[in-house]
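# Observations on the three-dimensional arrangement
Each chain, written out:
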Amino acid sequence: MLDQQVKLESASSPSGTQKPIVLDIQGLNKNFGGLRAVKDFDQTIWKGDLAGLIGPNGAGKTTVFNLITGLYTVTSGKIIFKDTDLVGIQPFEITRMGIASTFQNIRLFPNLSVLDNVRIAYHPHAGYNFFDSVLHTQRYQGMEKELTEKAQDFLSVFNLQDRQGETARNLPYGEQRRLEIARALAAEPELLLLDEPAAGMNPREVAGLMELIHFIRERFNLTILLIEHQMRVVMGVCEHITVMDFGEVIARGNPEEIQNNPTVIEAYLGRGAAALSQRLSEKRSNVA
Amino acid sequence: MDKSSKSTTSSLYERAIRERWIGKGLLALISILAVGYISFNAKDSPSLFVQQLVNGLQIGFVYALIALGYTMVYGIVKLINFAHGDVFMVGAFVSFYAIDRYELHTWPSKVIPGIPPLLSLLIGIITTILLTMAVCAILAIAIERFAYKPLRDAPRISALITAIGVSFFLEYFGALQFVFTPNFITYKGPFTTTTWYINNGIHRLEAGTAPPDNSVLFSNILIIIIVVSLLLLAILQFIVRRTKIGKAMRATAFDKPTARLMGINVDSIISVTFAIGAALAGAGGILYATAYHQVVFFMGIMPGLKAFISAVLGGIGSIPGALVGALILCQAEVLSAGYISTPMRDAVAFTILILVLLVRPTGIFGEPEREKA
Amino acid sequence: MKLPQRSTMIFFGAYILITVLVQALISFGILNAFWSTLLRLGAVYAIVSLGLNLIYGFNGQFSLGQWGFYAIGAYVAADMTFRWTQQGSASGLVILLLVVLLVGVSFLGVSWVLKRIPGLDPLSAFALYLVGVFAAAFLAIMLGRVLIDPASSILKSMPDALATQIVFFLAVLIAGVFAAEVSYLFGLPILTLGSDYFGIATLGFTIIVKVLLDNSDTMLGFEEMKGARGMIGIPKIGSWLWVAIFLLVVLIVTRNLLQSSHGRAIVSVREDELAAKAMGIDVANQKIITFVIGSLFAGLAGALYAHINGFLHPNTFNFIKSFDPMIIIVFGGLGSVSGTLVVSFIWILVLEGLLRQVLPEGFETWRFVVYPLLLLIMMLLRPKGLMGGTELPYLRQILPPLRKKEAKPEEVAKAGGD
């Protein structure tokens with residue numbers, strides 16, 4: 001829709017060192033019947049990145065996430081994750097390959113305990129098979145104990161170990177969000193997709209969340225891709241940002257470049273605001 | 001993917017998978033067997049075959065009326081109303097009382113002396129039908145208010161189990177000695193049946209005589225059923241497509257919360273939908289009873305389920321689909337009853353259901369939904 | 001070897017005690033045949049309902065097909081023992097054993113092939129499985145014909161009672177596995193449908209089974225089953241002891257399964273299918289496994305039922321009665337094993353037993369008014385069921401104690417503690 005596509009090359013190879021590419025999306029398209037929800041979307045994410053995906057509501061951001069995780073079928077394009085094209089692969093296999101995600105509206109297992117929510121993440125690597133379960137063999141008992149201890153340790157990292165017996169839906173909202181992130185991480189992913197993690201949080205919780213995101217990147221050696229509306233989080237956490245509108249990429253860059261990008265401002269706030277911003281920055285540079 | 005470098009055999013293989021050849025092959029096999037079996041048998045006696053088709057037509061329209069109620073209710077509250085078949089039964093019983101016991105259909109000739117008998121019959125019957133439809137509609141509204149509405153936000157299973165409970169209740173309550181009897185009740189009907197047979201032209205069958213061989217029989221009941229059903233369908237289509245209430249119904253079915261925000265009284269619309277569906281089923285009940293001269297308290301179970309299958313076949317939520325689905329299903333049923341065995345028709349009906357669900361779950365007139373993984 | 005937990009020992013102890021007590025009461029004639037039958041029937045209903053609870057209460061799949069598998073289990077087992085006791089032939093046993101084994105092999109084979117054809121649609125996969133089943137069945141019948149005589153002579157060389165018990169035991173197992181295999185074949189394409197349609201499809205299955213049973217002598221060619229007239233002459237060897245043993249095994253299997261990682265995976269599908277997929281759980285696979293196990297239980301229950309009753313009539317398996325186990329598990333509390341267990345017995349003992357004593361005439365008609373009324377009342381007043389969220393200690397999943405580990409201070413601070 002918009003004529004200019006501002007690509008700021010400097011953003012795309014952070015710190016200049018050659019890091020391996022974790023995710024490479026090429027020419028991604030998704031049509032829902034006649035509606036083109038995602039058009040020619042490209043994105044490269046390097047190992048260890050904290051990348052952001054922003055844009056007005058309905059821009060197609062969650063759709064991109066769902067295409068990556070396999071919950072939506074791709075109309076055309078490629079999603080290359082560690083040398084494999086994810087297109088056509090089942091969602092549960094994609095997770096097992098190393099991509100975990102959280103949802104816009106928290107999707108915990110509501111009637112299960114906090115501990116169980118985490119333990120389920122370990123199921124693909126439980127280490128015992130069906131017959132072990134039914135017969136409660138030695139192997140089952142050993143592996144189950146290990147699994148449980150691992151889960152409990154995991155919970156303590158997120159300060160949730162005292163809540164292990166609580167039913168998930170009884171937790172306060174902030175803890176539910178933390179649990180969702182913890183659960184996603186228990187699956188031991190390389191790439192973590194967070195869909196509006198700060199939604200519904202007050203400023204203090206948001207600050208805690210931002211610390212948490214930095215912490216988990218270090219601690220778990222992650223690459224993170226984040227959808228967010230709260231600019232404080234995006235600007236404070238993300239190292240490079242992609243902006244979408246009407247299903248297309250309209251801008252890329254680091255936080256500072258994006259903040260001052262007139263196309264981005266226009267997309268969010270309209271033409272008037274963009275013009276205003278333009279005049280303001282001109283004034284600033286005149287004064288300086 | 002470099003297509004030019006692929007050999008033709010592997011791209012043929014890919015096509016076979018993508019276009020589901022094996023599955024389609026299975027379906028083709030089944031269809032060929034079915035068609036072959038029927039044609040083989042039909043060959044011996046073509047008039048019998050046509051007779052089956054005529055019979056199927058008769059019951060098909062009745063089922064269509066019932067199917068409409070299912071499809072409309074499912075479209076609007078996503079509930080499979082197991083009690084709907086029993087509303088059909090209630091309709092039949094109400095008409096039984098009205099016509100056989102109290103002879104309500106003769107009221108014009110009692111009230112307006114000198115009225116031509118045919119006109120009296122016509123008015124009497126139409127009013128009886130309307131009365132039955134009204135009773136059924138009220139019953140459905142009551143059921144909805146007391147049994148389904150409280151559970152509207154509960155998990156779907158609760159509503160389903162409640163529907164089953166209501167269904168059982170209607171059936172067996174009627175079977176108690178002091179209400180009706182649990183046996184078959186013969187039903188005289190408001191008028192005598194006139195039968196025609198087709199054999200070198202259409203001839204009227206005199207009472208007490210046998211029709212010549214190789215003739216196809218049909219009666220005025222068939223004509224009446226078709227006329228009444230089509231009339232009701234036309235009225236329904238008009239209501240749904242051309243009136244404000246119809247628009248409200250479609251809106252509520254599409255997106256309930258938004259409809260509410262648009263100022264539509266969703267509760268009323270839901271009640272109206274139930275009422276219309278029940279009224280149609282009630283009409284179906286009268287027609288069925290008139291055609292087959294029997295009522296019994298559990299007559300609604302199988303027709304109810306078959307009507308539901310018809311709705312699924314035609315595309316649940318689609319009004320023309322209900323008619324088409326019912327006609328197709330009844331033909332299949334009647335042919336299997338005729339050429340295989342009577343109990344098998346139930347098995348055939350449900351096999352069709354399963355095949356539809358496997359091949360095209362949204363039915364003939366539904367849109368295929370293949371967006372999500 | 002670790003000593004089992006206290007709750008385990010209590011449960012087993014209590015169970016054995018009750019079993020022995022009841023058996024004693026029966027043997028000494030204190031409990032007459034009527035009540036003994038009711039108790040055994042209660043246990044059978046418990047097994048069927050536990051199977052359905054697994055499928056619906058724990059896995060969230062609304063299935064009305066349980067009764068169809070119950071019917072299949074009953075007739076299949078009855079046929080085997082009938083042929084042995086009435087005709088002195090091990091034909092039923094041998095052929096069905098081979099069918100069950102070879103069909104199982106064919107399933108493994110076809111699924112191995114399917115793994116190499118990614119993206120095949122359900123209908124085509126079903127067609128392949130169907131071909132495999134036909135091939136296996138054909139092979140089994142050919143092979144079976146040869147093995148019937150040697151098998152019969154082996155059995156005849158044993159004392160009569162022992163041979164009958166062996167045939168019975170094998171018949172029950174084979175019937176269960178047969179039902180499980182049918183459920184696998186049927187479930188594969190059907191489980192891909194959404195929950196409503198799945199329910200209707202399973203209802204259709206139950207109805208089709210009943211129609212086939214009505215025609216079992218004419219269309220399917222099993223004259224001894226006598227179609228709609230009902231099958232008689234089944235040995236009444238479904239004793240309390242056997243029934244109690246099978247029930248115990250089913251309880252143990254259910255409980256063990258649910259307390260393991262597989263159990264959690266099963267439940268996660270019910271809780272939120274999408275989230276489960278996102279956690280790496282193969283939802284489609286979980287559904288089919290649960291469906292098969294639940295149907296296995298139904299088949300076992302049916303087989304036992306046939307040998308308690310001594311005769312079978314297709315009307316017992318009409319789809320209206322298929323709502324019984326559904327009502328039982330809802331009453332007992334979906335997802336509650338103890339609830340299902342308790343309510344199954346109450347259901348039979350009260351509805352068949354007490355009610356029959358209290359309202360002798362008109363009972364037959366009145367009970368169908370009482371059932372739905374009870375149901376409606378339960379739905380509106382106590383939707384969580386009788387036992388709601390509680391379980392007996394052995395059956396309940398106990399949360400493990402927290403490890404006494406010192407959380408490192410900097411980790412705790414960084415984890416955004418509130």
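Before going into details, it helps to say that this report is about the structure given with it. (Residues numbered from 1 in each chain as written. Chains lettered and ligands numbered in written order. Predicted model: local features only at pLDDT ≥ 70, side-chain atom pairs only at ≥ 80, totals over all residues. Heavy atoms only, no water.)

## Details of helix H1 (residues 6–27) of chain C
Residues and elements named next belong to chain C. Helix length check: H1 (22 residues) gives 31 Å between terminal C-alpha atoms against 32 Å at 1.5 Å per residue, within 8%. When H1 is considered as a whole, its buried residues turn out to be Ser7, Thr8, Phe11, Tyr15, Thr19 and Val22. The arc that holds the buried residues of H1, viewed along the axis, is 110°, so those residues lie on one side. More than 90 degrees from the buried face of H1, the exposed residues found are Arg6, Leu17, Val20, Leu21 and Ser27. Next to the buried residues of H1 lie helix H2 (33–58) and helix H8 (240–259). Of the residues one or two after H1, Gly29 is the one with positive phi, at around 80°. (Helix = DSSP H or I, 4+ residues; strand = E, 2+ residues; numbered from the N terminus. Expected span 1.5 Å × (residues − 1). Buried < 20%, exposed > 50% of the residue type's maximum accessible area, 1.4 Å probe, protein only. Arc of directions from axis to C-beta. Contact = heavy atoms within 4.5 Å.)

## Regarding empty space enclosed by the protein
Counted by the stated rule, this structure contains five cavities of 30 Å³ or more. Approximately 120 Å³ is the volume found for the largest cavity. Considering the residues around the largest cavity, the lining is formed by 15 residues, among which Phe82, Ser167, Glu171 and Ile301 of chain B together with Phe319 of chain C are closest to the centre. At the level of secondary structure, the elements contributing two or more residues to the lining of the largest cavity comprise helix H4 (84–101), helix H7 (156–175) and helix H12 (301–314) of chain B. Top element by residues in the lining of the largest cavity is H7 of chain B. It accounts for four residues. Classifying every residue of the lining of the largest cavity by side-chain character gives nine nonpolar, four polar and two charged. There is about 60 Å³ of room inside the second largest cavity. In terms of lining residues, the second largest cavity is bounded by Gly69, Val73, Asn81, Ala83, His84, Val87, Ala140, Ile143, Tyr148, Phe274, Gly277 and Ala278 of chain B. Where the lining of the second largest cavity is concerned, the elements lending two or more residues are helix H3 (46–77), H4, helix H6 (117–148) and helix H11 (266–292) of chain B. Class assignment for the residues of the lining of the second largest cavity results in eight nonpolar, four polar and no charged. (1 Å grid on protein atoms, 1.4 Å probe; cavity = no way out; pocket = protein on both sides within 12 Å on 5 of 7 lines; lining within 4 Å. Points joined across faces, edges and corners; volume = space filled by probe spheres on them. Nonpolar A, V, L, I, M, F, W, Y, C, P; charged D, E, K, R; others polar.)

## Quick word on the nonpolar core
Soluble globular proteins: nonpolar side chains tend toward being buried together. Phe158 and Ile216 of chain A together with Leu247, Leu312 and Phe317 of chain C are the most contacted members of the largest nonpolar core, which totals 300 residues. Setting aside anything within four residues of it in sequence, one finds Leu312 of chain C in contact with Ala74, Tyr75, Ala78, Gly230, Met231, Ile234, Tyr305, Ala306 and Phe317 of chain C. (Core = buried A, V, L, I, M, F, W, Y, C linked by side-chain atoms within 4.5 Å.)

## A closer look at the interface of chain C and chain A
Between chain C and chain A, the residue contacts involve 42 residues of the former and 52 residues of the latter. A combined buried area of about 4200 Å² lies between chain C and chain A, and 60% of that area is made up of carbon and sulfur atoms. Taken together, chain C and chain A are joined by two salt bridges. Between Asp272 of chain C and Arg107 of chain A there is a salt bridge, with the nearest N and O atoms lying 2.9 Å from each other. Our count for the contact surface shared by chain C and chain A stands at 11 residue pairs in polar contact (both at pLDDT 80 or more). Counting only elements with at least two residues in the side of chain C that touches chain A, the list comes to H8, helix H9 (261–271), helix H10 (273–278), helix H11 (283–309) and helix H15 (409–414) of chain C. Looking at the side of chain C that touches chain A, the element that brings in the most residues is H9 of chain C, giving seven residues. (Buried area = accessible area lost by both parts, 1.4 Å probe. Salt bridge = Lys/Arg side-chain N within 4 Å of Asp/Glu carboxyl O. Polar contact = N/O pair within 3.5 Å; in protein donor to acceptor, adjacent residues only side chain to side chain.)

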